[in-house]
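Next come the chains, spelled out residue by residue.
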Amino acid sequence: MIEAFIFDVDGTLADTERHGHRVAFNQAFAEAGLDWHWDEDTYGDLLAVTGGKERIRHFVQTRDLPQHRDPQLDALIRDLHASKTRNYLELLESNAIPLRPGVERLLREARAAGIRLAIATTTTPQNVTALLANALGDHGLGWFEVIGAGDVVPRKKPAPDIYRYVLEKMRLDARHCLAFEDSGNGLRASLGAGLKTVITRNGYTRDDDFTGAALVLDSLGDTEHPSQVLRRQYGRDCLCVTTLLQLLN
Ligand code: XBP
Ligand code: MG
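S.K.: So, the packing of aromatic side chains: which residues are in play, and what are the values?
M.R.: Counted by the stated rule, this structure contains twelve aromatic pairs. Put simply, the rings of Phe25, Phe29, Trp36, Trp38, Tyr43, Phe59 and Tyr204 pair up and form one aromatic cluster. The side chain of Arg18 reaches across the aromatic face of Tyr204, ending 4.1 Å from its centre. Looking at Lys84, its charged tip hangs above the ring of Phe25, at a distance of 4.7 Å from the centre.

S.K.: Describe the layout of surface pockets, naming the residues involved and giving the relevant values.
M.R.: By volume, the largest pocket is sized at about 670 Å³. In terms of lining residues, the largest pocket is bounded by 44 residues, among which Asp10, Glu17, Leu47, Thr50 and Arg55 are the most central. Among the secondary structure elements, those contributing two or more residues to the lining of the largest pocket are α1 (17-31), α2 (40-46), α3 (52-62), α4 (73-93), α6 (125-136) and α9 (184-192). Counting residues per element, the lining of the largest pocket draws most heavily on α1, at five residues. Here the residues of the lining of the largest pocket are counted per class, giving five nonpolar, 23 polar and 16 charged. Looking at which domains feed residues into the lining of the largest pocket, each of domain 1 (4-15 + 98-248) and domain 2 (17-93) supplies at least three.

S.K.: Describe the packing of α3 against α4, and please don't skip the residues or the numbers.
M.R.: Running from N to C, α3 and α4 point in directions that differ by 130 degrees, and their axes come no closer than 9 Å. Comparing the axis directions of α3 and α4 gives the class oblique. Classified by chirality, the crossing of α4 by α3 is right-handed. Packed against α3, whose contacting residues are Gly52, Lys53, Ile56, Arg57 and Val60, the element α4 presents Leu73, Asp74, Ile77, Leu80 and His81 at the interface. Here the contact of α3 with α4 is composed, by residue class, of five nonpolar, two polar and three charged.

S.K.: An account of the coordination of the magnesium ion (ligand 2) is needed here, citing residue identities and associated values.
M.R.: Ligation of the magnesium ion (ligand 2) by protein atoms is provided by Asp8 (OD), Asp10 (O) and Asp182 (OD), these donors lying 2.2 Å from the ion. Spacing between the donor residues of the magnesium ion (ligand 2) along their common chain follows D-x1-D-x171-D. Of this pair, Asp8 sits in the loop between β1 (4-7) and α1 while Asp182 is found in the loop between β4 (177-181) and α9, placing the two residues 174 residues apart along the sequence. Given the relative accessible area of 5%, Asp182 is considered buried.

S.K.: Go over α6 with me, naming the residues and quoting the values.
M.R.: Taking 1.5 Å per residue, twelve residues should reach 16 Å; α6 reaches 16 Å between its end C-alpha atoms and fits that length. Where α6 is concerned, the buried positions are Asn127, Val128, Ala130, Leu131, Leu132 and Leu136. Contact partners of the buried residues in α6: α1, α4, α5 (103-112), β2 (116-120), α7 (138-141) and β3 (144-148). Positive backbone phi, approximately 85 degrees, marks Gly137, located one or two places after α6.

S.K.: Tell me about the site of ligand 1, and name the residues and values.
M.R.: Around ligand 1, 18 residues are found, and the nearest of them are Gly52, Arg55, His81, Lys84 and Thr124. Within the backbone of Asp10, one N or O atom sits 3.0 Å away from an oxygen atom of ligand 1. In this structure, an oxygen atom belonging to ligand 1 sits 2.8 Å away from a main-chain N or O atom of Thr122. About the coverage of ligand 1: the protein hides 97% of its 450 Å² of free accessible area. Taken atom by atom, the bulk of ligand 1 overlaps the largest pocket. Listing elements by their share of the shell around ligand 1, those giving two or more residues are α1, α3 and α4.

S.K.: Go over the sheet that holds β1, please, and point to the residues and values.
M.R.: The sheet built from seven strands is open, its strands ordered β3-β2-β1-β4-β5-β6-β7 with mixed pairing. Only two strands of the sheet have a single neighbouring strand rather than two, namely β3 and β7 (229-231). With direction set aside, neighbouring strand axes in the sheet form an average angle of 25 degrees. Judged from the three bridges that link them, strand β5 (residues 196-200) and strand β6 (residues 215-217) form a sheet pairing that is parallel. Bridge assignment links Val198 to a residue of β6, and that residue is Leu215.

Procedures and definitions
Residues numbered from 1 in each chain as written. Chains lettered and ligands numbered in written order. Predicted model: local features only at pLDDT ≥ 70, side-chain atom pairs only at ≥ 80, totals over all residues. Heavy atoms only, no water. Phe/Tyr/Trp six-rings, centres within 6.5 Å; stacked < 30°, edge-to-face > 60°. Lys NZ or Arg CZ within 6 Å of the ring centre and 35° of its normal. 1 Å grid on protein atoms, 1.4 Å probe; cavity = no way out; pocket = protein on both sides within 12 Å on 5 of 7 lines; lining within 4 Å. Points joined across faces, edges and corners; volume = space filled by probe spheres on them. Helix = DSSP H or I, 4+ residues; strand = E, 2+ residues; numbered from the N terminus. Nonpolar A, V, L, I, M, F, W, Y, C, P; charged D, E, K, R; others polar. Domains from an automatic or database assignment. Axes fitted to C-alpha atoms, helices over the stretch in contact; angles between N-to-C directions. Parallel < 35°, antiparallel > 145°, perpendicular 65-115°, else oblique. Left-handed = near helix turned anticlockwise from the far one by under 90°. Contact = heavy atoms within 4.5 Å. Donors = N, O, S within 2.8 Å, 3.2 Å for Na, K, Ca; no water. Buried < 20%, exposed > 50% of the residue type's maximum accessible area, 1.4 Å probe, protein only. Expected span 1.5 Å × (residues − 1). Near = heavy atom within 4 Å. Polar contact = N/O pair within 3.5 Å; in protein donor to acceptor, adjacent residues only side chain to side chain. Areas by Shrake-Rupley, 256 points an atom, 1.4 Å probe, with all protein chains shown as cover. Sits in = over half its atoms within 2 Å of the grid points. Pairing = 2+ DSSP bridges.

What follows is the structure, given as structure tokens:
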């Protein structure tokens, strides 16, 4: 029996990276007087590292930038990331980032079927609540029983910690839940927690390794954007709760 759906956020609920997080990082760099700029391809490579603070540190280290040897590096990263979060929240406020096709439909169907909902993400908690409130209204936030996000666990994806945290909070067995992810790192995290996983890949994750996923789609699908199944045929235009229930059989 399926009891809950657990959703990743960035890349899964919405295409937040290319025109959201990336833009906000670049604004933060410019505001700090740094000449760093992450173009779309560079950012695609940097997405191998999950977490914004971790991503900045990785960039400084791998490019061997002068800041790498600065004893104030931790403070610089903290300030840059706080500024990036402010910029990102402003972007969300301007309604710049819609949910991906079929996300709202599936959330509503799941609720109607009595399936519990939760979030397991690497991103900062305020980013999740702002995205959901902007896209679904304040009541939509209440649809999610647990929002597991950011630094609440010590190890970010691909470690399974955030999924284990959510399962524990909901007192659920992984065998009775489905995870929704968009990336190889996210899939490793969900599989590591014992969760069957549906992938809706996107432009940045299309070449990721999705070995072990129950289903790989290009989106959840709605009437205007039919879902394309990339692995495992189920013969419908949209991913519906009935199909997802069948995945557990
Ligand atoms: C998302 C991330 C996040 C965002 C930035 O991974 O890696 O780091 O890019 O968010 P996932 P913060 O979709 O697997 O959760 O800057 O708030 O960390
Ligand atoms: Mg993701």
